[in-house]
Amino acid sequence: MSRYCSSCHKAKAICVCDAITPITNSIPVIILQHPDEVSHPKNSACLLSLALDNCERWIGENFSEHGALNETLAQTQRRYAVLYPGEHAISLSSLTEQPVEDNNRERPWGIILLDGTWKKAYKMYQLSKNLHDLPTVNITPMSPSQYTIRKSAKLGALSTLEAGFTALSELSGNSEHYQPLLASFETMIARQLAFMPSSHSTNRPSE
Ligand SMILES: [Zn+2]
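Okay, so let's go over this structure. (Residues numbered from 1 in each chain as written. Predicted model: local features only at pLDDT ≥ 70, side-chain atom pairs only at ≥ 80, totals over all residues. Heavy atoms only, no water.)

## Observations regarding the overall build of the protein chain
Convention followed: The way it works is that DSSP assigns letters per residue, a run of H or I at least four long becomes a helix, a run of E at least two long becomes a strand, and they are numbered from the N terminus. Accessibility here uses a 1.4 Å probe with only protein chains present; expressed as a share of the type maximum, an area under 20% marks a residue as buried, one over 50% as exposed, and anything in between as partly exposed. Residue contacts are defined here by distance: any two heavy atoms, one from each residue, within 4.5 Å place the two residues in contact.
For the protein chain, the helix and strand inventory stands at seven helices and six strands. Mapped in sequence order, the helices and strands of the protein chain form the string β-α-β-α-β-β-α-β-α-β-α-α-α. Burial analysis of the protein chain (207 residues in total) assigns 45% to the buried set. Across the protein chain, every contact between residues at least 6 apart in sequence was considered, and the portion connecting residues at least 24 apart equals 75%.

## Describing the coordination of the zinc ion
What counts here: Coordinating donors are taken as N, O and S atoms within 2.8 Å of the metal, stretched to 3.2 Å for Na, K and Ca; because water is absent from the atoms, sites can appear incomplete.
In the first shell of the zinc ion, the protein supplies Cys5 (SG), Cys8 (SG), Cys15 (SG) and Cys17 (SG), at 2.3 to 2.4 Å from the metal. One chain supplies every donor to the zinc ion, and in sequence these donors are spaced C-x2-C-x6-C-x1-C. Separated by twelve residues along the polypeptide, Cys5 in the segment before β1 (29-33) and Cys17 in the segment before β1 bring together distant segments of the chain. What makes Cys5 buried here is its relative accessible area of 11%. Accessibility expressed as a relative area gives 29% for Cys17, which makes it partly exposed.

## What to know about the nonpolar core
The tendency in soluble globular proteins is for nonpolar side chains to be buried side by side. Keep this limit in mind: The set of buried Ala, Val, Leu, Ile, Met, Phe, Trp, Tyr and Cys residues whose side-chain atoms join them within 4.5 Å is what this entry labels a nonpolar core.
By size, the foremost hydrophobic cluster in this structure holds 34 residues, and its most contacted members are Val29, Leu52 and Leu181. Secondary structure elements with two or more residues in this core: β1, α1 (45-51), β3 (79-83), α3 (92-95), β5 (109-115), α6 (160-172) and α7 (175-195). With sequence-adjacent residues up to four places away left out, Leu52 is seen in contact with Ile23, Asn25, Val29, Leu168, Tyr178 and Leu181. Core analysis: the next-biggest nonpolar cluster, separate from the first, contains 15 residues, Phe63, Val82, Ile112 and Leu131 among them.

## Some words on the packing of aromatic side chains
As a reminder, the rule being used: In summary, the pairing rule links any two rings of Phe, Tyr or Trp, Trp by its six-membered ring, whose centres are within 6.5 Å, and it sorts them by plane angle into stacked for under 30 degrees, edge-to-face for over 60 and tilted for everything else.
Under the definition given, this model contains one aromatic pair. Residues Tyr84 and Tyr125 carry aromatic rings whose centres are separated by 4.2 Å and whose planes lie at 15° to one another, so their mutual orientation is stacked. Here Tyr84, found in the loop between β3 and β4 (90-91), pairs with Tyr125, found in helix α4 (residues 118-127); they are 41 residues apart in sequence, far enough to count as distant. The pair Tyr84 / Tyr125 is uniform in exposure class, with both members buried.

## Section: the sheet that holds β1
Formally: Strands pair, by our definition, only if DSSP identifies at least two bridges between them. Note on geometry: axes are lines fitted to C-alpha atoms, helical ones only across the stretch in contact, with angles between N-to-C directions running from 0 to 180 degrees.
Strand order across the open sheet formed by six strands is β2-β1-β5-β3-β6-β4, with parallel pairing between neighbours. Of all strands in the sheet, those bounded by a partner on one side alone are β2 (55-59) and β4. Relative to β5, β3 runs parallel, the two being bridged by five bridges. Bridge assignment links Tyr80 to a residue of β5, and that residue is Gly110. Helix-sheet contacts for α4 involve β1, β5 and β6 (136-138), and the interaxial angle to β5 is about 125°.

## Considering the environment of Thr117
When you line up the elements, Thr117 lands in the loop between β5 and α4. Taking relative accessible area as the criterion, Thr117 reaches 8% and is therefore assigned buried. The sequence separation of Thr117 and Asp36 amounts to 81 residues, and the corresponding C-alpha distance is 9.4 Å.

## Observations regarding the packing of α6 against α7
In a packed pair of helices, the relevant descriptors are the angle between the two axes and the axis-to-axis distance. We count it as follows: Here is the rule for angles: anything less than 35 degrees is roughly parallel, anything more than 145 is roughly antiparallel, 65 through 115 is roughly perpendicular, and the remaining ranges are oblique. We call Asp, Glu, Lys and Arg charged. Ala, Val, Leu, Ile, Met, Phe, Trp, Tyr, Cys and Pro are nonpolar, and the rest, Gly among them, are polar.
One way to put it is that α6 packs onto α7 with a least axis distance of 9 Å and a crossing angle of 175°. By the angle between their axes, α6 is roughly antiparallel relative to α7. Contact with α6, carried on its side by Leu161, Glu162, Phe165, Leu168, Ser169 and Ser172, involves Ser175, Tyr178, Gln179, Leu181, Leu182, Ser184 and Phe185 of α7 and no other residues of that element. Classifying every residue of the contact of α6 with α7 by side-chain character gives seven nonpolar, five polar and one charged.

## Concerning the pattern of salt bridges
Operational definition: A pair is scored as a salt bridge if a Lys or Arg side-chain nitrogen falls within 4 Å of a carboxyl oxygen belonging to Asp or Glu.
For the structure on display, the rule yields three salt bridges. Where Asp36 meets Lys120, a salt bridge forms, and the shortest distance between an N and an O atom there is 3.0 Å. Placement of the pair is Asp36 in the loop between β1 and α1 and Lys120 in helix α4, with a sequence separation of 84 residues. On the basis of relative accessibility, which here comes to 17%, the residue Lys120 falls in the buried class. In this structure, Lys123 engages Glu61 in a salt bridge whose closest nitrogen and oxygen atoms are separated by 3.7 Å.

Below, the structure written as structure tokens:
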């Protein structure tokens, strides 16, 4: 029998499934997860995908030929932006401020998150040519009060869950609705710390 929960992929002793509050999200979220992240102890992308009712999590590195992703991107009723600090990244808020002559402006946005270390996310983005036509967006860092649970992380290094929370909050203008995401994240961190005290000082490798 596996030591790991088949749902949240945490060790069963620190399974966080009971702390997840289901949330409806009209802005769809796609998580492209690097294979190395799936069983990473700080994997917050699973938590995000379990909580959101409108979220896909696909695992891989090069998504160029990913059928389901390409099918989603081909839909005409919605368009997607990638949260990625690329050279031409724009602010998330400017996504919704489309020029009047843009005849795409009625199409609502969805967001794509790359889940991996900076180095891996960079590689995923470079390899996945189908993402290159999509706008890349930066998110405004969270306020310090929401940030305290990740004191050890360097500023600006948001977990995938926090990035998702921030993007959904900004795009919807309703951060209250998404607060339970942070609560479940806090529970996840607390359980990890309680179970593995040494993990407190173990930062993710800065690759
Ligand atoms: Zn679980």
